[in-house]
Amino acid sequence: MKANENNFVDLIRKRREEGILYVIETYSGLLHSIVRKRLFMAPDRIDECMNDIFLGIWKNIDSFDESRGNFAGWAAGVAKLEAIDTLRKIQRESRMQTVSLEDVEIPKEDEAFQKLAEQELSEETMEILEYLNEKDQELFKKIFLEEEEPERAGEALGISRENVYVRLFRGKQKIRRKCKERKRA
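Residues numbered from 1 in each chain as written. Predicted model: local features only at pLDDT ≥ 70, side-chain atom pairs only at ≥ 80, totals over all residues. Heavy atoms only, no water.

### What to know about the packing of helix H2 (residues 17-38) against helix H4 (residues 71-96)
Two elements in contact, H2 and H4, have axes whose closest approach is 9 Å; the angle formed by their N-to-C orientations is 40 degrees. Judged by the inter-axis angle, H2 sits oblique to H4. Judged by the sense of rotation from one axis to the other, the crossing of H2 with H4 is right-handed. Note on element contacts: H4 touches H2 through Phe 71, Ala 72, Ala 75, Ala 76, Ala 79, Lys 80, Ala 83, Ile 84 and Leu 87, opposite Val 23, Tyr 27, Leu 30, Leu 31, Ile 34, Val 35 and Arg 38. Counted by class, the contact of H2 with H4 contains 14 nonpolar, no polar and 2 charged residues. (Axes fitted to C-alpha atoms, helices over the stretch in contact; angles between N-to-C directions. Helix = DSSP H or I, 4+ residues; strand = E, 2+ residues; numbered from the N terminus. Parallel < 35°, antiparallel > 145°, perpendicular 65-115°, else oblique. Left-handed = near helix turned anticlockwise from the far one by under 90°. Contact = heavy atoms within 4.5 Å. Nonpolar A, V, L, I, M, F, W, Y, C, P; charged D, E, K, R; others polar.)

Set out below in structure tokens:
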């Protein structure tokens, strides 16, 4: 008997291969898109998940109820749940895998690139700090570049603790405002 839209569910219920072949032929695009959406970071697991979906449809066809919805919606639900199960398997596997630090090769950064990036960053930082007065520039350098505690930086510059935080707040506001003006120009 040839499977078609009207009889493929009955064929699967009777354990006739033609029914599941019809599902594969007709609904694999829909099911594949559902799986691909959830397993985009593990494309090597998509085919395995698709096989599990078709097996799930085959085994659980008796839970499909025509009065509650169409087959495509039910199959999409099966695909979604199977994709979630596959994600959980991947997460369990990744937690179980341990790598020795001796086996890990840490790539060395290109020193020329790193120096260029640092130079561009420091030039941009100095440009931004030019929006502030001299004392605030020193305060920002000590806190954000030299990573000093605000209280200690304030002491070194002769600024009270409260005034340090006020200067930081106002300085940040001024920098934001000037940067927005620069972007508009």
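Having put the structure on the table, let's press on.
### With respect to the packing of helix H6 (residues 134-145) against helix H7 (residues 150-157)
Taken N-terminus to C-terminus, the directions of H6 and H7 make an angle of 140 degrees; their axes are 9 Å apart at the nearest point. The angle between H6 and H7 falls in the class oblique. Considering the relative orientation of H6 and H7, their crossing is right-handed. Side by side, H6 and H7 meet where Lys 135, Glu 138, Leu 139, Lys 142 and Ile 143 of the first sit next to Pro 150, Ala 153, Gly 154, Ala 156 and Leu 157 of the second.

### Some details on the environment of Cys 179
With respect to the element layout, Cys 179 can be found in helix H8 (residues 161-184). On the accessibility criterion, Cys 179 (23% relative accessible area) is partly exposed. With 48 residues separating them in the primary sequence, Cys 179 and Tyr 131 have C-alpha atoms 9.5 Å apart. Not counting the four nearest positions on each side in its chain, Cys 179 is found in contact with Ile 128 and Tyr 131. (Buried < 20%, exposed > 50% of the residue type's maximum accessible area, 1.4 Å probe, protein only.)

### Remarks on the layout of surface pockets
Space inside the largest pocket adds up to approximately 180 Å³. For the largest pocket, the full set of lining residues is Thr 125, Ile 128, Leu 129, Phe 140, Lys 141, Phe 144, Leu 145, Lys 172 and Ile 175. Breaking the lining of the largest pocket down by element, the ones donating at least two residues are helix H5 (111-129), H6 and H8. Examining the composition of the lining of the largest pocket, we find that 4 residues originate from one element, H6, more than from any other. For the lining of the largest pocket, the class distribution of residues is 6 nonpolar, 1 polar and 2 charged. (1 Å grid on protein atoms, 1.4 Å probe; cavity = no way out; pocket = protein on both sides within 12 Å on 5 of 7 lines; lining within 4 Å. Points joined across faces, edges and corners; volume = space filled by probe spheres on them.)

### Remarks on H6
Three- or four-residue spacings in an α-helix give side chains the same orientation, since the helix completes a turn every 3.6 residues. Helix length check: H6 (12 residues) gives 15 Å between terminal C-alpha atoms against 16 Å at 1.5 Å per residue, within 8%. Of the positions making up H6, those classed as buried are Asp 136, Gln 137, Leu 139, Phe 140, Lys 142 and Ile 143. Sitting at the head of H6, Asn 133 places a side-chain oxygen 3.2 Å from the backbone nitrogen of Lys 135. Glu 147 sits one or two positions beyond H6 and adopts a positive phi of about 55 degrees. (Expected span 1.5 Å × (residues − 1). Polar contact = N/O pair within 3.5 Å; in protein donor to acceptor, adjacent residues only side chain to side chain.)

### Description of unusual backbone geometry
In this structure, Arg 15 is a non-glycine residue whose phi angle is positive, near 65 degrees. Residue placement: Arg 15 occurs in the loop between helix H1 (8-13) and H2. In this structure Arg 15 comes out as partly exposed when scored by relative accessible area, which is 40%. With a phi angle near 55 degrees, Glu 147 is a residue other than glycine that sits in the positive phi range. Turning to its location among the elements, Glu 147 is positioned in the loop between H6 and H7.

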